[in-house]
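Okay, here's what each chain looks like letter by letter:
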Amino acid sequence: MMKKIQPEKRAIGVNFNASGEAEILVWAPLVRKVSLVISERNERLELNQEEYGYWQLTTTMLKPGDTYKFLLDDETERPDPASVSQPEGVHGASKAINLKAFKWSDEAWVNPRMQDYIFYELHTGTFTPEGTFAAIEEKLDYLIELGITAIEIMPVAQFPGNRNWGYDGVFPFATQNSYGGAEGLMHLVDACHAKGMAVVLDVVYNHMGPEGNYFNDFGPYFTDKYNTPWGNAINFDDAWCDAVRHYFIENVLMWFRDFHIDALRLDAVHAIKDFSPTHILREIKQHTDALTAITGKKYHLIAETDLNDPRFINPLDKQGYGLDAQWIDEFHHALRVTAGEERSGYYSDFEGINHLAKAYADAYIYNGIYSPHRQKTFGAKTDNEGKQFVVFSQNHDQVGNRMLGERTSTLVSFEMQKLMAAAVLVAPYLPMLFMGEEWSEPHPFLYFTSHTDKDLAEAVRKGRKEEFKAFHAQGEAPDPQSEETFNESKLQWDLSQQGKHAVMLNYYQALTRLRKENKPLSTLNRKNLSVTFDNEQQTLILRRWHESEHVCCVMNFSKQEQMVSLPADADWRLSFSSADEQWGGSSSFTRITEGTVTISPESIIIFVNNHV
């Protein structure tokens, strides 16, 4: 029987026990000998061979702070694949750290319920001028005032150089050194919890980056059974897969247990290939539940998936994988087309306001209907709760995968930006903001890298140009390797207090406050909802209710003033209007005549009923 994972303690890599001894465990099934080389003293410690390809040693010779590598068959020196620190980058020695040494102050912290999450996605390197975890801490009071309950940090696994989105990480256990390393991340999490904010970490289990990827030197971490956009798939179901599965389960448990992370966002799980009887995601959920049973803490798992398959978020007892929530790109796509985005590429499947109405009502737009873009019937119906879907008007992918990285702020009008923000925040789902959108940040969010392998850097540069060759009329794709590309992607914090940017920030603050205080908006009940639309007018009415409280959201996506009839079965009272002068609009009042409201172009009006 394969080694059993113990949720309460990390087993792989280098760990320190209560006696201060280093417990070393590495998986290398195809080599004849494994030694650990301590860099500072050039000492060599031979590991003992165990079952299933593992090598083990318990020693007092390796101390916290020492750097080391593994020597394979007396020939090849490599960093630890389960390293928690890479102070010299992806090619350098690993650093031994005692993860239990950090002094936490969050014993009383309780992870919020999933339905209370208001996400704020940020990239550590471009969120602040300093680009560090410590600098994020300085902005926490700002985020709380904005109404955020959970920050979502893009991947921090060690990547080449200092500039990267994070999806090219090659040390899943090692926190990026230029951001502040393991201790810096722990300090940030502790600070967030002290202020009542949860922390979500984006992790990548569907592929590894190319530079510094030494996994094949240790064992069959990959399989050629499947192809992915990034090469051979990670080996979750082929020969020797047990240890690979354990590797990633251990990673999940480490973030929750040792870093006190509240939720993980699992990148592109549709690219995880696994035909095992128990899918790796289901097994991750089972081990997460086992950790909860030990710690008493609740941990959330959130998938990014484009398969429109509720199996990912169905509970374990209904043969699902048990994940708590998923990103839902279709809401974004329908919203963007409704707001005027050209119907090309993957937007070609989305018809605009009728599909936005379907997204509000059904979560999945393609839920067993024919997809012209895919040329097949796609998706399945879902009755999963609203708290299981994350929606947004922009995110790192949807901005950064554009050739010029344009944010919504440079693509649509100020009024349309406000309407799109509200469309997200009144949805019966979990809302997510992308850093800077709340003050209409004009800087782009571009794709950037800092590969040290010159050939790889040139290949990435050429690949980016090739990807966008059809857009040559817009100019050249920015060079991902250029530091200027990275710097151009940084937020301009001084703008948040100036002119229309300050107005937008105040508007977002008011919207998040309204969502929290209004019971129908904060109760994510998909059954207590109705939605109607007028394709000619480009108007949509979203109605939600909780017990006797009702809210009616009237949206006008057209560039003309429109007259819309309100539902006649309630006495409606104006609660919020994006066209109000205080939000930079042109109207300080809303005309209501015999149940008909006149709504300004590109705006939303929110009514509440005079309930008893």
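Residues numbered from 1 in each chain as written. Predicted model: local features only at pLDDT ≥ 70, side-chain atom pairs only at ≥ 80, totals over all residues. Heavy atoms only, no water.

(A) Examining the overall build of the chain more closely. Each helix and strand in the chain was counted, giving 15 helices and 31 strands. Relative to its length of 612 residues, the chain is compact, with a C-alpha radius of gyration of 25 Å against a globular reference of 25 Å. Every one of the 612 residues in the chain was classed for burial, and the buried ones make up 61%. Long-range pairs, those at least 24 residues apart, make up 71% of the contacts in the chain between residues at least 6 apart in sequence. Side chains of the chain give 58 positive and 85 negative charges; the mean places of these two sets differ by 2 Å. (Helix = DSSP H or I, 4+ residues; strand = E, 2+ residues; numbered from the N terminus. Rg over C-alpha atoms; globule rule 2.2 N^0.38 Å. Buried < 20%, exposed > 50% of the residue type's maximum accessible area, 1.4 Å probe, protein only. Contact = heavy atoms within 4.5 Å. Lys, Arg positive; Asp, Glu negative; His and termini not counted. Charge placed at Lys NZ, Arg CZ, Asp CG, Glu CD.)

(B) Layout of the environment of Lys297. Looking at the element boundaries, Lys297 is found in the loop between α7 (280–295) and β18 (300–304). Not counting chain neighbours up to four residues away, the residues in contact with Lys297 comprise Asp106, Glu107, Trp109 and Thr292. A distance of 3.3 Å separates a polar side-chain atom of Lys297 from the backbone oxygen of Glu107. Polar contacts involving the side chain of Lys297 include one to the main-chain carbonyl oxygen of Trp109, which spans 2.7 Å. (Polar contact = N/O pair within 3.5 Å; in protein donor to acceptor, adjacent residues only side chain to side chain.)

(C) Representation of the pattern of salt bridges in the model. In the structure shown here, the tally under the stated rule is 31 salt bridges. For Arg336, the salt bridge is made with Glu341, and the minimal N-O distance between the two is 3.6 Å. For the pair Arg336 and Glu341, one class covers both residues: buried. (Salt bridge = Lys/Arg side-chain N within 4 Å of Asp/Glu carboxyl O.)

(D) Here's a closer look at the sheet that holds strand β28 (residues 572–577). An order of β24-β25-β26-β31-β28 is seen for the 5 strands of this open sheet, with the pairing classed as antiparallel. At either end of the open sheet lies a strand with only one pairing partner, and these are β24 (529–534) and β28. Put simply, the sheet's adjacent strands are angled 20° from each other on average, direction ignored. Alignment of strand β26 (residues 549–556) against strand β31 (residues 603–609), held across 6 bridges, turns out to be antiparallel. Bridge pairing in β31 links Cys553 to Ile606. Set on the sheet, helix α9 (residues 353–362) makes contact with β24, β25 (539–546) and β26; between it and β24 the angle comes to about 180°. Seen against the sheet, helix α14 (residues 499–517) touches β28 and β31 and runs at an angle of roughly 140° to β28. (Pairing = 2+ DSSP bridges. Axes fitted to C-alpha atoms, helices over the stretch in contact; angles between N-to-C directions.)

(E) Fine view of the packing of aromatic side chains. A complete count under the given rule lists 41 aromatic pairs for this structure. A ring pair is formed by Trp27 and Tyr221, whose centres lie 5.2 Å apart and whose planes are at 80°; its orientation type is edge-to-face. You can see Trp27 sitting in strand β2 (residues 22–27) and its partner Tyr221 sitting in the loop between α5 (215–218) and β15 (222–228), a full 194 residues away along the chain. Tyr221 carries the same exposure label as Trp27, and that label is buried. (Phe/Tyr/Trp six-rings, centres within 6.5 Å; stacked < 30°, edge-to-face > 60°.)

(F) Focus on the state of the cysteines. Counted according to the given criterion, the structure contains 0 disulfides. Cys552 provides the cysteine sulfur closest to Cys553, a residue in no disulfide bond, and the two sulfurs are 6.8 Å apart. (Disulfide = S-S within 2.5 Å.)

(G) How the structure looks around the sheet that holds strand β19 (residues 325–327). The parallel closed barrel is built from 8 strands, whose spatial order is β10-β11-β14-β17-β18-β19-β22-β23. Pairwise comparison of adjacent strand axes, ignoring direction, gives a mean angle of 25° for this sheet. Where strand β22 (residues 389–391) meets strand β23 (residues 430–434), 2 bridges bridge the pair, whose relative direction is parallel. Across the sheet, the residue bridging to Val391 is Pro431, located in β23. Docked against the sheet, helix α6 (residues 241–257) engages β14 (198–203), β17 (263–266) and β18, running at close to 145° with respect to β17.

(H) Local environment of the nonpolar core. Counting residues in each nonpolar core, the largest one holds 159 residues, and the members touching the most others are Trp255, Leu264 and Met555. With 10 residues, the top contributor of residues to this core is α6. Sequence-distant contacts of Met555, defined by excluding residues within four places in its chain, comprise Tyr360, Leu419, Ala423, Val426, Gln538, Thr539, Leu540, Leu542, Ile599, Ser603 and Ile604. Ala150, Trp327, Val390 and Leu524 belong to the second largest nonpolar core, which has 16 residues in total. (Core = buried A, V, L, I, M, F, W, Y, C linked by side-chain atoms within 4.5 Å.)

(I) View of the pairing of strand β30 (residues 596–599). Going residue by residue along β30, you find Thr596 and Thr598 tucked away on one face and Val597 and Ile599 tucked away on the opposite face as well. The pairing of strand β27 (residues 562–565) with β30 spans 4 bridges and is classified as antiparallel. Note that in β30 the partner of Met563 across the bridge is Thr598.

(J) Examining the packing of α6 against α7 more closely. At a minimum axis separation of 10 Å, α6 and α7 run at an interaxial angle of 40°. With respect to each other, α6 and α7 are oriented oblique. As α6 packs across α7, the resulting crossing turns out to be right-handed. Residues Arg245, Ile249, Val252, Leu253, Phe256 and Arg257 of α6 pack against Ile280, Glu283, Ile284, His287, Thr288 and Leu291 of α7. In the contact of α6 with α7, the residues fall into 7 nonpolar, 2 polar and 3 charged. (Parallel < 35°, antiparallel > 145°, perpendicular 65-115°, else oblique. Left-handed = near helix turned anticlockwise from the far one by under 90°. Nonpolar A, V, L, I, M, F, W, Y, C, P; charged D, E, K, R; others polar.)

(K) Here's a closer look at the packing of helix α11 (residues 414–425) against α14. Following both chains from N to C, one finds α11 and α14 inclined at 20°, their axes separated by 10 Å at the closest point. Compared by their axis directions, α11 and α14 come out roughly parallel. Here α11 runs over α14; the crossing is right-handed. Across from Phe414, Gln417, Lys418, Leu419, Ala421, Ala422, Val424 and Leu425 in α11, the residues of α14 making contact are Lys500, Val503, Met504, Tyr507, Tyr508, Leu511, Thr512 and Arg515. Residues that form the contact of α11 with α14 fall into these classes: 11 nonpolar, 2 polar and 3 charged.

(L) Representation of the side chain of His333. Along the chain, His333 turns up in helix α8 (residues 329–338). Take His333: its relative accessible area is 7%, and that puts it in the buried class.

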